[in-house]
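Chain by chain, the residues run as shown.
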Amino acid sequence: QKPTVIITGASSGLGLYSTKALVDREWHVVMACRDVSKAGNAARSLNIPQDSYTVMQIDLGDLNSVRDFSRKFTGSGKLLGALVCNAAIYMPLLKEPLRSPEGYELTMTTNHLSHFLLCNLMLEQLKKSPLKDKRLVILGTVTHNPDEPGGKVYPRPDLGKLEGFEAGFKDPISMVDGKKFEPVKAYKDSKVCNILTMLELHRRYHESTGITFTSLYPGCVADTLLFRNHYRLFQKLFPLFQKYITKGYVSQELAGERVARIVVEPEFKQSGAYWSWGNRNSQNRKAFLQKVSPQARDDDKARSMWEASAKLVGIE
Ligand code: NDP
């Protein structure tokens, strides 16, 4: 049996191209997607052989759907080798927060809380798996880090003292720091939580389980559907700006290859690592270990974020 990798949000962008790149490396991919028929069509559009992937339904905007997914996957008998937490939403033009069935703000639920729950549930499956090299990868981004040129744009992420999480994160609360709703900041905050989760997983479980926990910034993949909720003009100009001005543009195909390398190559078997190819890109750039933002490398914050998230998703 081939090793299986679960990739969330594999119906487009990085998730789809990582699926292709991992199938090319002889892995079986579970495409964990909210829209099953879209995911199947997407896989066919890249000519991914039908027997090399399984589409399984998950809606990361709903914690119960994450639990259902986990039960179904556990019953499937697949040989789990890796989990890639990739799906995300970015909704910069929202005026009011959207909410999950539990009442939690939707960007934070989709990008962080659901993945936090999924990581905890799948950890058990990874522990049981007889494979030697097991990895859990969470997508990061440069915008989490104001120390980097790409992270200097306002609003900047700030988890505060997690006041919003501590207060239960339900209406009227919509931000992790309990402040006024700001959809761009909600996305960046969620990506800080993604990195804190990876580092806390590493601290808690790497030694005892041998699992490799990593994150990466794959480069600016400016033409994915991540920007679908932005102004049309932005969607047109942003890729051009990244291609010709910042030179930070990375194709979806190359970004997918980068994710796949983090999942399988011995070079990236270093737990607690955050990998980057820098801000200026070309096909031949080499990966390097990058320092994450001061907030994301704050151990105390990681611990309190972990405890607050565990309460919110009900796995205390
Ligand atoms: P896309 O919008 O192309 O892909 C996002 C995926 O997430 C889609 O498959 C989407 O499904 C899925 N998704 C969204 N909401 C849910 C949900 N509720 N349940 C299940 N799946 C859901 O974006 P990208 O490929 O650009 O982004 C992928 C990751 O890469 C994100 O974590 C992002 O933060 C990160 N990243 C992206 C960069 C970029 O420049 N694009 C740069 C750095 C990091 P559906 O097809 O149904 O909408």
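Everything below is about the structure shown above.
Residues numbered from 1 in each chain as written. Predicted model: local features only at pLDDT ≥ 70, side-chain atom pairs only at ≥ 80, totals over all residues. Heavy atoms only, no water.

So what's going on with a nonpolar patch on the surface? Residues and values would help.
Among the surface-exposed residues, Tyr231, Leu233, Leu237, Leu240, Phe241, Tyr244 and Ile245 lie close enough to one another that they form a single nonpolar patch of about 790 Å² accessible area. Looking at the element boundaries, Leu233 is found in helix α7 (residues 232-245). A relative accessible area of 57% places Leu233 in the exposed class. (Patch = residues over 30% accessible without salt bridge, like charges linked within 9 Å, V, L, I, M, F, W, Y side chains within 5 Å. Areas by Shrake-Rupley, 256 points an atom, 1.4 Å probe, with all protein chains shown as cover. Salt bridge = Lys/Arg side-chain N within 4 Å of Asp/Glu carboxyl O. Helix = DSSP H or I, 4+ residues; strand = E, 2+ residues; numbered from the N terminus. Buried < 20%, exposed > 50% of the residue type's maximum accessible area, 1.4 Å probe, protein only.)

Please give an account of the nonpolar core that cites residues and values.
If you look at the biggest cluster of nonpolar residues, it comprises 62 residues, and the most contacted ones within it are Ile6, Phe69, Leu136, Phe165 and Leu201. Mapped onto this core, the elements with two or more residues apiece are β2 (28-33), α3 (63-75), β4 (80-85), α4 (106-128), β5 (135-139), α6 (183-209), β6 (212-217) and α9 (299-313). It is α6 that provides the largest number of residues to this core, a total of ten residues. If near-sequence neighbours (up to four positions away) are discounted, Phe69 is found in contact with Ile6, Val30, Ala32, Met56, Gln57, Ile58, Leu118 and Met122. One finds Ala39, Ala43, Leu254 and Ala255 within the second-largest nonpolar core, a separate group that totals 36 residues. (Core = buried A, V, L, I, M, F, W, Y, C linked by side-chain atoms within 4.5 Å. Contact = heavy atoms within 4.5 Å.)

Give a description of the pattern of salt bridges that names residues and reports values.
Enumeration according to the criterion identifies 14 salt bridges in this entry. Put simply, Arg71 and Asp68 hold a salt bridge, and the shortest N to O gap is 2.6 Å. Of this pair, Arg71 and Asp68 both sit in helix α3, three residues apart, which is roughly one turn of the helix. With its nearest N and O atoms 3.4 Å apart, the salt bridge here joins Glu267 to Arg261. Through salt bridges with shared partners, one network takes in Glu200, Arg203, Arg204 and Asp299.

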